[in-house]
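# Fold and contact review
For reference, the chains in residue letters:
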Amino acid sequence: MSRELNLSILASLHFSPVLIESFDLRSSDFEPGKERAVFSAISAMWEDSRPAEIDPVLLVEKLGPDFTSFISSLMDGRVRISPEIFKARCLELKRHGVSKKIVALSKSLSDGHLRTGEFDQEELNKLYALIENDLARTLTAGPEACVPLAQIDSQPVQWLWRNYVPVGRATLLSGDPNCGKTFLALDLAARLSRGLSWPDGSPGIAPANILYLTVEDNAADTIRPRIDNLGGDPERILILNPKSDSFLSFAGKAGVRTLEDMVKKIKDVRLVCIDPILDFSGPVDPNSPEQVRALLGPLIRIAQTYNFALLLIGHLNKAQSLSALYRSSGTTGGWLGKCRAAFIIIRDIEEKRKRHFISQKSNLSQEEPDQLGFEIVDGRLLYMKEENIDPDLHLNPELREEHEKRSYARTWLSDFLKGGPQPQIDVISEGKTAGISQASLYRAKTALGIVSRSAGLSGSKKVAWELRT
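Just so it is clear, the structure is predicted and the values come from calculations on it, not from any experiment.

## Describing the overall build of the protein
Helix and strand counts for the protein come out as 15 helices and 14 strands. Counted over contacts in the protein with a minimum sequence separation of 6, partners at least 24 positions apart contribute 65%. Surface accessibility of the protein: about 25400 Å² in total, with carbon and sulfur atoms responsible for 50%.

## A look at the pattern of salt bridges
Counted according to the given criterion, the structure contains ten salt bridges. Between Asp228 and Arg224 there is a salt bridge, and its shortest N-O distance comes to 3.0 Å. Remark: Arg224 and Asp228 occur in helix 8 (residues 219-229); sequence separation between them is four residues, near one turn of the helix. Judged by relative accessible area, which is 38%, Asp228 ranks as partly exposed. Using a relative accessible area of 43% as the deciding quantity, one classes Arg224 as partly exposed. Several salt bridges share partner residues, and in doing so they unite Glu21, Glu47 and Arg50 into one network.

## Looking at the packing of helix 2 (residues 34-49) against helix 3 (residues 56-63)
Between helix 2 and helix 3, the shortest axis-to-axis distance is 10 Å and the interhelical angle comes to 115 degrees. Compared by their axis directions, helix 2 and helix 3 come out roughly perpendicular. When the axes of helix 2 and helix 3 are compared, the crossing they make is right-handed. Residue-level contacts link Ala37, Val38, Ala41, Ile42, Ala44 and Met45 of helix 2 to Leu58, Leu59, Lys62 and Leu63 of helix 3.

## Some words on the pairing of strand 3 (residues 170-175)
In terms of burial, strand 3 is a largely internal element, six of the six residues being buried. Pairing of strand 3 with strand 7 (residues 309-315), which is carried by six bridges, proceeds in the parallel orientation. When the sheet's bridge partners are listed, Thr171 is paired in strand 7 with Leu311. Taken together, the five bridges between strand 3 and strand 8 (residues 341-347) define a ladder with parallel strand orientation. Bridge pairing links Leu173 to Phe343 in strand 8.

## Observations regarding the side chain of Asp200
Inspection of the secondary structure assignment puts Asp200 in the loop between helix 7 (181-194) and strand 4 (209-214). Buried charged residue Asp200 carries no salt bridge. Nearest counter-charge: Lys385, at 5.7 Å. Here Ser202 takes part through its side chain, which lies 2.7 Å from a polar atom of the side chain of Asp200. For Asp200, the residues in contact, after removing those within four places along its chain, are Trp161, Tyr164, Leu372 and Lys385.

## Describing empty space enclosed by the protein
Considering all chains together, one arrives at two cavities of 30 Å³ or more under this definition. Volume-wise, the second largest cavity comes out at about 40 Å³. Taken together, Val165, Thr171, Leu173, Leu184, Leu188, Leu311, Phe343 and Phe357 form the lining of the second largest cavity.

## A word on helix 7
Between the first and last C-alpha of helix 7 there are 21 Å, a value that for 14 residues agrees with the 20 Å anticipated at 1.5 Å per step. At the C-terminal side of helix 7, Gly195 shows a positive phi close to 75 degrees.

## A few points about the sheet that holds strand 3
The strand order across the open sheet built from nine strands is 5-4-6-7-3-8-9-10-11, with neighbouring strands paired in mixed fashion. With partners counted over all chains shown, the strands left at the sheet margins are strand 5 (237-239) and strand 11 (380-386), one partner each. Neighbour-to-neighbour, the strand axes of this sheet turn through a mean angle of 20 degrees, independent of strand direction. In this sheet, strand 9 (residues 354-362) lies alongside strand 8 in antiparallel orientation, the contact comprising seven bridges. Bridge pairing links Ala341 to Ser362 in strand 9. Lying on the sheet, helix 7 is in contact with strand 3, strand 4, strand 5, strand 6 (269-275), strand 7, strand 8, strand 9, strand 10 (371-377) and strand 11; it crosses strand 4 at an angle near 160 degrees.

## Focus on the packing of aromatic side chains
Under the definition given, this model contains eleven aromatic pairs. With 4.9 Å between their ring centres and 20 degrees between their planes, Phe343 and Phe357 make a pair best called stacked. Of the two residues, Phe343 is situated in strand 8 and Phe357 in strand 9; the sequence distance between them amounts to 14 residues. Note on Trp412 and Phe416: the rings are 4.9 Å apart at their centroids and 10 degrees apart in plane angle, and the pair reads as stacked. Taken together, the positions of Trp412 and Phe416, both in helix 13 (residues 397-416) and four residues apart, correspond to about one turn of that helix. Here Trp412 falls in the buried class, since its relative accessible area comes to 16%. Exposure remark for Phe416: the relative accessible area of 24% places this residue in the partly exposed category. Ring-pair connections join several aromatic residues into one group, and the members of that group are Trp161, Tyr164, Trp198, Phe343 and Phe357.

Conventions adopted
Residues numbered from 1 in each chain as written. Predicted model: local features only at pLDDT ≥ 70, side-chain atom pairs only at ≥ 80, totals over all residues. Heavy atoms only, no water. Helix = DSSP H or I, 4+ residues; strand = E, 2+ residues; numbered from the N terminus. Contact = heavy atoms within 4.5 Å. Areas by Shrake-Rupley, 256 points an atom, 1.4 Å probe, with all protein chains shown as cover. Salt bridge = Lys/Arg side-chain N within 4 Å of Asp/Glu carboxyl O. Buried < 20%, exposed > 50% of the residue type's maximum accessible area, 1.4 Å probe, protein only. Axes fitted to C-alpha atoms, helices over the stretch in contact; angles between N-to-C directions. Parallel < 35°, antiparallel > 145°, perpendicular 65-115°, else oblique. Left-handed = near helix turned anticlockwise from the far one by under 90°. Pairing = 2+ DSSP bridges. Lys, Arg positive; Asp, Glu negative; His and termini not counted. Polar contact = N/O pair within 3.5 Å; in protein donor to acceptor, adjacent residues only side chain to side chain. 1 Å grid on protein atoms, 1.4 Å probe; cavity = no way out; pocket = protein on both sides within 12 Å on 5 of 7 lines; lining within 4 Å. Points joined across faces, edges and corners; volume = space filled by probe spheres on them. Expected span 1.5 Å × (residues − 1). Phe/Tyr/Trp six-rings, centres within 6.5 Å; stacked < 30°, edge-to-face > 60°.

What is shown is where atoms sit, not what they do.
Structure follows, in structure tokens:
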């Protein structure tokens with residue numbers, strides 16, 4: 001643990017040596033040997049010239065050729081991190097160092113007591129001082145409760161797919177069974193593996209690795225054939241080993257460490273997809289906001305640390321009367337609350353082959369993501385841009401029925417008045433015969449902008465409805 005902290009902190013200082021001023025680090029905080037020597041050299045280089053980044057060649061010249069491979073491996077697979085994460089790691093290193101000192105002193109006191117039957121008073125005083133001073137300081141150390149906004153550097157949002165899938169955050173993709181969730185997720189993975197453009201036509205990023213975690217779909221007859229049809233690079237898309245029957249759950253620390261170890265080992269991971277997330281949630285209650293947030297928090301921190309997008313696949317609940325925003329299965333405050341972007345896939349109510357891909361939430365985008373439609377043809381996804389697709393009409397049978405009634409009323413009324421103005425009494429009578437209520441006719445009248453005109457002599461005036469010209 002201590003060595004990994006040493007290496008991650010030194011790598012961060014290599015990328016951004018200015019971080020050395022954000023925390024009181026000393027050479028004694030690092031393990032004796034190359035870690036301590038590299039920190040001392042970086043500190044000296046910072047004091048001398050304040051470089052924006054440490055030149056590894058100059059660092060080797062300063063320390064000697066024996067450090068070449070160590071310095072090269074130091075940055076291997078690591079990325080820039082925020083000052084907040086850097087401070088947290090430094091604090092953890094400090095605490096680990098104090099703990100080691102306490103253990104060493106306690107062992108020395110115990111050994112001495114076994115030999116002499118007494119405790120060495122000098123070492124006992126050191127232990128008291130260590131607990132009272134260093135341990136207390138490291139336990140209470142941490143960031144201030146609040147800081148001026150001026151101390152926070154403005155940074156642009158990093159995107160995997162601009163306006164759709166942010167990097168370092170969680171994105172939720174929900175839909176009913178067999179609506180194409182996995183197909184769409186695999187299509188994104190295939191595009192990323194080749195550096196291809198995204199479904200809306202926006203440019204892709206450089207080819208990168210993808211970790212695709214699923215236990216629902218067979219790797220040999222489902223995942224691999226789909227990736228081949230989608231034109232993806234199977235070398236860059238990694239899955240759980242089908243020969244392993246071990247269960248992976250992110251509800252505990254062991255599963256989270258396993259994910260972090262996989263990301264570090266694979267390197268250059270820019271997308272981790274968990275399909276579906278509930279299969280990897282162990283005993284977590286999906287309807288408990290506290291449990292869901294506790295589940296997602298560590299996963300999102302790993303995404304931030306290693307700079308990848310986290311895509312979570314979910315299902316829809318059965319509450320058809322709810323708005324589409326609340327149809328993702330489980331607690332809204334947990335799943336949607338922790339995810340910075342969320343999308344829903346629904347089948348078209350008339351063209352069953354067609355799906356709609358619609359944003360439920362996009363907190364970080366500067367503009368609303370385009371609505372997209374797609375069809376699956378010969379193992380590939382054919383996309384089209386759409387507008388004004390109301391997901392509630394496709395998901396809520398009652399709203400859909402009401403929408404169809406109103407649409408029918410507008411169509412009938414428009415056709416009935418095409419030949420010219422008609423007496424209101426006749427419109428209502430004929431509409432009733434056609435199965436349209438008077439209230440529906442008046443709503444259709446308002447929607448179509450139909451005007452009412454008076455006709456006839458005084459005392460025998462009749463009201464007629466007329467299409468606006």
